[in-house]
Amino acid sequence: FTEMMSLDISDSAQIYAAFVVYLDLLEGRNWHEVKHVAVAELQLVCLHARQKEQDSFQVMVPVPVHISLSHERIREIVRKASLPPDDPDTPLAVTLAIVESDSTTVYYKVTDGFVLPDPPDAEEANNKQWRKKRKKLFK
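Within every chain, residues take consecutive numbers counted from 1 along the sequence as written. Restriction of local features to residues with pLDDT of at least 70 applies here, the model being predicted, together with a cutoff of 80 or more for giving and counting side-chain atom pairs; totals for whole chains, interfaces and linings are based on all residues. Computation of side-chain values covers all heavy atoms of the structure but excludes hydrogens and water.

- The protein chain appears in an unreviewed UniProt entry as SEN15 endonuclease from Ramphastos sulfuratus.

Structure representation (structure tokens):
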């Protein structure tokens, strides 16, 4: 916590939110290599972490619940805080971690553009319900 406090971030609520998410990822969800990174330009503390040891790093952006985010602000966060993707066809992405004062945290993955879902398993592709859903999506 003291390391986060020494970063060049003026909002103590943002640092508290980052610490709560840090603890949740490390202790609650058992993520790997959780590191804090200051993005002074945005006045944010971001966390880089791996869900599994072999996974690539994901960017978590802790935000206190009382902070309102506009579309422009979210776009700025995605563009300046995200890591370059391994695959050039993959859009930039961050996960917003919205933190309530009681430490309740809700995670939202935000990308710069649309992300197509993975194709269904062979069994699901033959399923009538899947075909109906697919039809609705592409109308």
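**Topic: helix 3 (residues 71-81)**
In step 1: Throughout this description, buried means an accessible area under 20% of the type-specific maximum (1.4 Å probe, protein chains only), exposed means over 50%, and partly exposed covers the range between. Only DSSP runs of H or I covering at least 4 residues are called helices, and only runs of E covering at least 2 are called strands; the numbering of each starts at the N terminus. Of all the residues in helix 3, the buried ones are Ile77, Val78 and Ala81. Taken end-on, helix 3 shows its buried residues confined to a sector of 100°, consistent with a single buried face. Summarising the geometry of helix 3, the exposed residues directed more than 90 degrees from the buried face are His71 and Glu72.
In step 2: Contact definition: two residues touch when any of their heavy atoms are within 4.5 Å. Those residues of helix 3 that are buried lie in contact with strand 2 (44-50), strand 3 (58-64), strand 4 (93-99) and strand 5 (105-111). An arc is given here, and it is the one of the directions from the helix axis to the C-beta atoms.

**Here's the deal with the nonpolar core**
In step 1: What is meant by a nonpolar core is a set of buried Ala, Val, Leu, Ile, Met, Phe, Trp, Tyr and Cys residues, joined one to another through side-chain atoms within 4.5 Å. Core analysis: the biggest nonpolar cluster contains 13 residues, and Leu42, Cys46, Val61, Ile77, Ala81 and Val94 have the highest contact counts within it.
In step 2: When residues of this core are traced back to their parent elements, those giving at least two are strand 2, strand 3, helix 3 and strand 4.
In step 3: Apart from residues lying up to four places away in sequence, valine 94 is in contact with Val59, Val61, Ile77, Val78, Ala81, Ser82, Tyr108, Lys109 and Val110.
In step 4: Counting residues in each nonpolar core, the second largest holds 11 residues, with Val34, Leu47, Ala49 and Val99 among its members.

**Observations concerning the side chain of serine 82**
In step 1: The topology assignment puts serine 82 in the loop between helix 3 and strand 4.
In step 2: By relative accessible area, which is 12% here, serine 82 ends up buried.
In step 3: At 2.6 Å, the side chain of serine 82 and the backbone oxygen of valine 78 are in polar contact.
In step 4: Ignoring any residue separated from it by four or fewer positions in sequence, one finds serine 82 in contact with Val59, Ile77, Leu92, Ala93 and Val94. In protein, a polar contact means a hydrogen-donor-capable atom and an acceptor-capable atom, both N or O and within 3.5 Å, with residues adjacent in sequence counting only if both atoms are side-chain atoms; elsewhere, any N or O pair within 3.5 Å suffices.

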